[in-house]
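Structural description and commentary
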Amino acid sequence: MSAPPIVHGGGIAAAAARFGGKPGDWLDLSTGINPNPVAVPEIDAAAWHRLPDRHRQDAARAAAARYYRTPHVLPLPVPGTQSVIQLLPRLVPAGRRAAVLSPTYGEYARVLGNAGIAVDRVDGLDAVTEAHGLVVVVNPNNPDGRFFPRETLLDLHRRVEASGGLLLVDEAFGDMRPVDCIAPLAGDDRPGLLVFRSFGKFFGLAGLRLGFVAGPSAVLETLADGLGPWAVSGPALTIATTLMASDTALIRHAIQQRKVALDRVLAGAGLVSAGGTGLFSLVEHASAKALHQHLCRHHILVRPFDYNARWLRFGLTPDEASDTRLAAALRDFAG
């Protein structure tokens, strides 16, 4: 029997149906996405009219190599990293187990388990053994922001590769600390290392459904074959090519300012930090479920977790008015 679908952030329409209000009136803090999307650059008419030509994909891959600092590989564009998570069972050697450093993004264990692969949700890198043909580490992690230095991951990679396995490092939230990312080390000289990068979170364009994968060419070819032709749209490739070549320092600074503002509101409400990244904050509260519902009644959506009833994840607020709105709702909570 397949595992049930994972409950993710988002879902404003469902929340509005239950707690009232129009979806557009809600303050959605349930995702780890830049709340102030960057301006979409001009898209030439051919990108809409024609199937994605090879030159368009080549340009996006070259831009991604510069942006992600991957001199040894041209990252593969994919229609969101969820699309390649679905293909991961193809990369697990027959008879081997998978290890997913947990708690983390639930789709990894769900997809692998549904494919009949034994999955160990491990709580530390020392729990990885030679039995594991695939090891998944989200770094920095969602939802607690746990982070491993590059050298620690390289040590793990050497162990995993020595037994013929593959280390997958998901750097979906890596844009806020690019100098610490392991993506620049991916390529054919490290056949046991694969890196996922998200495009939409940092740029605030999650609806574009775009990600990139860096790793050995043989693995990228396997993933490209599994996705099939024209997997990423011409407009998405065009937008990515332009934005990844732009100066992103101002985007990073604006996100940092929003993170400071959010944490100030949370601290002012007496909420205890349990971690986070530049794009969200995790808090621990004894009455997290009641607080979640209280915020929903104020038409503010945050992210609860079925595996930890004391956790709530708050995405960034988009502006000062939203800071004030969240602060007022938190003050009104009597739980």
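Residues numbered from 1 in each chain as written. Predicted model: local features only at pLDDT ≥ 70, side-chain atom pairs only at ≥ 80, totals over all residues. Heavy atoms only, no water.

1. A closer look at the overall build of the protein chain
Under the convention used in this document: Think of it this way: any DSSP run of H or I at least four residues long counts as a helix, any run of E at least two long counts as a strand, and we number them from the N terminus. Atoms considered for the radius of gyration are the C-alpha atoms alone. The globule rule reads 2.2 Å times the number of residues to the power 0.38. Buried residues are those whose accessible area, probed at 1.4 Å on protein chains only, stays under 20% of the maximum for their type, while exposed residues exceed 50% and partly exposed ones sit between those limits. Residues are treated as being in contact if the distance between any of their heavy atoms lies within 4.5 Å. Here the accessible surface of atoms and residues is derived via Shrake-Rupley with a 1.4 Å probe, and residues count as covered only by protein chains that are part of the display.
Per the secondary structure count, the protein chain includes 12 helices and 13 strands. Taking 2.2 N^0.38 as the reference for a compact globule, 335 residues should give roughly 20 Å; the C-alpha atoms of the protein chain span a radius of gyration of 20 Å, in line with that estimate. Out of the 335 residues in the protein chain, the part that is buried amounts to 52%. Sequence separation of at least 24 residues holds for 71% of the intrachain contacts in the protein chain that already meet a minimum separation of 6. When the accessible surface of the protein chain is totalled, it reaches about 14900 Å², and 54% of it is carbon and sulfur.

2. Things to note about helix H3 (residues 54–67)
To keep things clear, this is the line we draw: Take the residue count of a helix, subtract one, and multiply by 1.5 Å to get its expected span.
With 14 residues, H3 ought to run about 20 Å at 1.5 Å a step, and its terminal C-alpha atoms sit 20 Å apart, in line with that. Among the residues of H3, Arg56, Ala60, Arg61, Ala63, Ala64, Ala65 and Tyr67 are the ones counted as buried. Downstream of H3 by one or two residues, Arg69 has phi in the positive range, about 60 degrees.

3. A few points about the packing of helix H10 (residues 249–268) against helix H12 (residues 320–331)
Spelled out, the test is: Angles here are taken between N-to-C directions and fall from 0 to 180 degrees, while the axes themselves are lines fitted to C-alpha atoms, restricted in helices to the stretch in contact. Just so you know how the angles are binned, under 35 degrees is roughly parallel, over 145 roughly antiparallel, 65 to 115 roughly perpendicular, and the rest oblique. In a left-handed crossing the near helix is turned counterclockwise from the far helix by less than a right angle, and in a right-handed crossing that turn is clockwise. Residue classes follow a fixed rule: Ala, Val, Leu, Ile, Met, Phe, Trp, Tyr, Cys and Pro count as nonpolar, while Asp, Glu, Lys and Arg count as charged, and any other residue, Gly among them, counts as polar.
Close contact between H10 and H12 brings their axes to 9 Å; oriented N to C, the two are set at 20 degrees. On the basis of their axis angle, the class for H10 and H12 is roughly parallel. As H10 packs across H12, the resulting crossing turns out to be right-handed. Counted together, Arg258, Ala261, Leu262, Val265 and Leu266 of H10 and Glu320, Asp323, Leu326, Ala327 and Leu330 of H12 form the full contact between these two elements. Here the residues of the contact of H10 with H12 are counted per class, giving seven nonpolar, no polar and three charged.

4. Details of the side chain of Asn141
Stated precisely, the cut-off is as follows: Between N or O atoms, a polar contact is any pair within 3.5 Å; within protein, one atom must be a potential hydrogen donor and the other a potential acceptor, and residues adjacent in sequence are included only when both atoms are from side chains.
In this fold, Asn141 is placed in the loop between strand E5 (132–138) and helix H6 (150–162). Assessed through its relative accessible area of 0%, Asn141 is described here as buried. Side-chain polar atoms of Asn141 contact the side chain of Thr104, separated by 2.6 Å. Dropping the residues within four chain positions of it, Asn141 is found in contact with Pro103, Thr104, Arg146, Thr277 and Phe280.

5. A word on the environment of Leu194
Tracing the chain through its elements places Leu194 in strand E7 (residues 193–198). On the accessibility criterion, Leu194 (0% relative accessible area) is buried. For the pair Leu194 and Pro216, spaced 22 residues apart in the sequence, the C-alpha separation amounts to 7.3 Å. For Leu194, the residues in contact, after removing those within four places along its chain, are Leu91, Leu166, Leu167, Leu168, Val169, Val213, Ala214, Gly215, Val219, Leu220 and Leu223.

6. A look at the sheet that holds strand E12 (residues 303–304)
Filter applied, for reference: Here the rule is simple: two strands pair whenever DSSP picks up at least two bridges between them.
Read across the sheet, four strands follow the order E9-E10-E13-E12 without closing on themselves; strand pairing throughout is antiparallel. The open sheet has two free edges, formed respectively by strand E9 (272–277) and E12, since each of these has just one partner strand. Here five bridges tie strand E10 (residues 280–284) to strand E13 (residues 311–315), and the two strands are oriented antiparallel to one another. Within E13, the position partnered with Phe280 by the bridge is Gly315.

7. Details of the pairing of E9
Across five bridges, the pairing between E9 and E10 is antiparallel. Across the sheet, Val272 pairs through a bridge with Glu284, a residue of E10. The hairpin formed by E9 and E10 contains two residues between the paired strands.

8. A closer look at the packing of H3 against helix H9 (residues 234–244)
Packing of H3 against H9 brings their axes to within 8 Å, and their N-to-C directions diverge by 35 degrees. In the crossing of H3 with H9, the sense of the turn from one axis to the other is left-handed. Contacts from Arg56, Gln57, Ala59, Ala60, Ala63, Ala64 and Tyr67 of H3 reach H9 at Gly234, Leu237, Thr238, Thr241 and Met244. Class assignment for the residues of the contact of H3 with H9 results in seven nonpolar, four polar and one charged.

9. What to know about the packing of aromatic side chains
To describe a pair of aromatic rings, you give the distance between the ring centres and the angle between the ring planes. Going by this rule: Only rings of Phe, Tyr and Trp enter the pairing, Trp through its six-membered ring, and a pair is recorded when the two centres are within 6.5 Å. The plane angle decides the type: under 30 degrees is stacked, over 60 is edge-to-face, the rest tilted.
Applying the stated rule across the entire model yields 10 aromatic pairs. Note on Phe202 and Phe203: the rings are 5.1 Å apart at their centroids and 85 degrees apart in plane angle, and the pair reads as edge-to-face. For Phe202, a relative accessible area of 1% corresponds to the buried category. Among the residues examined, Phe203 registers a relative accessible area of 1% and is labelled buried. Ring geometry for Phe305 against Trp311: centres 6.2 Å apart, planes inclined by 90 degrees, an arrangement best described as edge-to-face. With a relative accessible area of 7%, Phe305 lands in the buried category. Relative accessible area serves as the criterion here: at 12%, Trp311 is assigned to the buried category.

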